[in-house]
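Reading the structure
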Amino acid sequence: MLSQTGSSIIRGDLGVEETFESDNIVRWDGERLYVEQDVFHNGQLVHRKYRRTVTESVARVLWSIINRAKQ
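For the structure given in this document, a descriptive report is provided here. No experiment lies behind these values; they were computed from the predicted model shown.

Turning to the overall build of the protein chain, a few remarks are in order. When its secondary structure is counted, the protein chain shows 1 helix and 5 strands. Going residue by residue from the N terminus, the α and β elements of the protein chain occur as β-β-β-β-β-α. By the compact-globule yardstick of 11 Å for 71 residues, the protein chain is too spread out, its C-alpha radius of gyration being 15 Å. On the principal axes, the C-alpha backbone points of the protein chain span a range of 50 × 20 × 20 Å. Residue burial in the protein chain is summarised as follows: out of 71 residues, 20% are buried. The contacts in the protein chain between residues at least 6 apart in sequence include a share of 14% that link residues at least 24 apart. Accessible area for the protein chain stands at about 5,400 Å²; split by element, carbon and sulfur atoms hold 53% of it.

Our next topic: the pairing of strand β5 (residues 44-53). One ladder, built from 7 bridges, connects strand β4 (residues 33-41) with β5; its direction is antiparallel. Across the sheet, residue glutamate 36 finds its bridge partner in β5, namely arginine 51. What sits between the antiparallel neighbours β4 and β5 is a turn of 2 residues, in which asparagine 42 has the positive phi angle 50°.

Here we come to unusual backbone geometry. Phi is positive for asparagine 42, close to 50°, though the residue is something other than glycine. If you trace the backbone, asparagine 42 turns up in the loop between β4 and β5. Owing to a relative accessible area of 53%, asparagine 42 belongs among the exposed residues under this scheme. Phi angles above zero are rare outside glycine, and lysine 49 is one such case at about 55°. Counting through the fold element by element, lysine 49 comes out in strand β5.

For glutamate 18, the position within the fold is in strand β3 (residues 16-28). There is a polar contact of 3.3 Å between the side chain of glutamate 18 and the side chain of arginine 11. Setting aside residues up to four positions removed in sequence, glutamate 18 forms contacts with Ser8, Ile9, Arg11, Val39, Phe40 and His41.

Right, let's talk about the environment of serine 64 for a bit. Take serine 64: it is sitting in helix α1 (residues 56-70). By relative accessible area, which is 28% here, serine 64 ends up partly exposed. Distance in space between the C-alpha atoms of serine 64 and arginine 51 is 23 Å, their sequence separation being 13 residues.

Cut-offs applied
- Residues numbered from 1 in each chain as written.
- Predicted model: local features only at pLDDT ≥ 70, side-chain atom pairs only at ≥ 80, totals over all residues.
- Heavy atoms only, no water.
- Helix = DSSP H or I, 4+ residues; strand = E, 2+ residues; numbered from the N terminus.
- Rg over C-alpha atoms; globule rule 2.2 N^0.38 Å.
- Buried < 20%, exposed > 50% of the residue type's maximum accessible area, 1.4 Å probe, protein only.
- Contact = heavy atoms within 4.5 Å.
- Areas by Shrake-Rupley, 256 points an atom, 1.4 Å probe, with all protein chains shown as cover.
- Pairing = 2+ DSSP bridges.
- Polar contact = N/O pair within 3.5 Å; in protein donor to acceptor, adjacent residues only side chain to side chain.

Below, the structure is given as structure tokens:
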């Protein structure tokens, strides 16, 4: 199930309102952590399953949760 992630962003450089939808599942491709997002410009889908890299702070929190679960 996709959920909207935050509010829309006005992209003045493109002249569009940009929004995102995501299933909020963190994935690992062997090199990086990412979430898949669908990107919309003015309500029209422009990128399907766009891979947005998870921030370092989110990755650190996930790492600590995983390590606690191993104990």
